[in-house]
Amino acid sequence: MALFFALALLASAHLVMAFDMGQTTRCVTIPNQMKVCKDVGYSEMRLPNFLGHSNLEGEVVPRSEDWRPLLQTGCHPQAQAFLCSLIAPVCLDAFIQPCRSLCIAVRDSCAPVLACQGYPWPEVLECDRFPAEEDMCLSHHQKFTNFPKDLPKPACQSCPSVEEFPAMKTVLDAFCEHDFAVVAKLCQRRLPRGEPEFEVEGRVEFIRQGPLLSYDTQHLLQQWLLINLRCAYGLVRPGRAQLYLVTGAVQPDGTLALTLLFPWHKKDANIALATRKWKHHRC
């Protein structure tokens, strides 16, 4: 999926160079099947778009799906607005491109996600292509400049260690050494087009909560899977959910790091025993 996504972006890079602001355009309704931009805040888009796509069913709708994996990571709160301003530009009397400041803000947050999967920020999204004057372009809203400071953020990392059938002492030591420990069921689902999607199924159970927030942890772990795709593929098989005991830490910069994972099998009594003993355990 990641390879297809990156190649799709790079293949369209030359099209933005060829877009002519003076060409004849038309307005069309954003179709229901164009899920990426359906709830972007307006109902009509201009064709050709800023990527040079003019065929709605043959180009625009299927190519819009190429951006979905990046948007699913939640890499920036204005990533959808930025990308849809290119894929499905709003139909007004004037051409409204994204401002350079918006591009820079999205790039600085989302480029590390692509880099985590081994790909550069695509040429089609080079920020110097976009206007600096914010009165005639889609601007970067200051209120979205930073993520909430009290929430840990998932980030790219080396894949955490996985230990099968650990001794009880190993599990208790992991609880002591790390900031948090949770039990989560990870799964990989197949979507209609065949791309795998990683999810955290059901509720997350806290063994050691540490700096994590109860209402955010499930979403946080799912974002970690979507950002660290290479690790996720190694942790979960398609169509099969796997229960894990996950330990990790929140770094000084606020990023989440998973450090050690224990697959929790039905016959593994040591993990269950360690979680019961933890309430009275002294590190």
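Residues numbered from 1 in each chain as written. Predicted model: local features only at pLDDT ≥ 70, side-chain atom pairs only at ≥ 80, totals over all residues. Heavy atoms only, no water.

Q: How do you make sense of the layout of surface pockets when you look at a structure like this?
A: Any space left empty among the atoms is revealed by the rolling of a water-sized probe across them. Taken as a whole, the second largest pocket encloses approximately 240 Å³ of empty space. Lining the second largest pocket are 13 residues, and of these L235, R237, R240, Q242 and Y244 sit closest to its centre. Elements that contribute at least two residues to the lining of the second largest pocket include exactly helix 9 (229–235) and strand 9 (242–250). Here the lining of the second largest pocket gets 3 residues from one element, more than from any other, and that element is helix 9. Residues that form the lining of the second largest pocket fall into these classes: 7 nonpolar, 3 polar and 3 charged. (1 Å grid on protein atoms, 1.4 Å probe; cavity = no way out; pocket = protein on both sides within 12 Å on 5 of 7 lines; lining within 4 Å. Points joined across faces, edges and corners; volume = space filled by probe spheres on them. Helix = DSSP H or I, 4+ residues; strand = E, 2+ residues; numbered from the N terminus. Nonpolar A, V, L, I, M, F, W, Y, C, P; charged D, E, K, R; others polar.)

Q: I would appreciate a short explanation of the nonpolar core in the present structure.
A: M34, M45, F82, W121 and L125 are the most contacted members of the largest nonpolar core, which has 37 residues in total. For this core, the secondary-structure elements that each account for two or more residues are strand 2 (44–47), helix 3 (56–64), helix 5 (79–87) and helix 6 (100–116). No other element matches helix 6, which puts 8 residues into this core. Setting aside residues up to four positions removed in sequence, L125 forms contacts with W67, F82, L83, L86, C103 and F130. The next biggest cluster of nonpolar side chains, apart from the first, holds 23 residues, and it includes V182, A184, A232 and L235. (Core = buried A, V, L, I, M, F, W, Y, C linked by side-chain atoms within 4.5 Å. Buried < 20%, exposed > 50% of the residue type's maximum accessible area, 1.4 Å probe, protein only. Contact = heavy atoms within 4.5 Å.)

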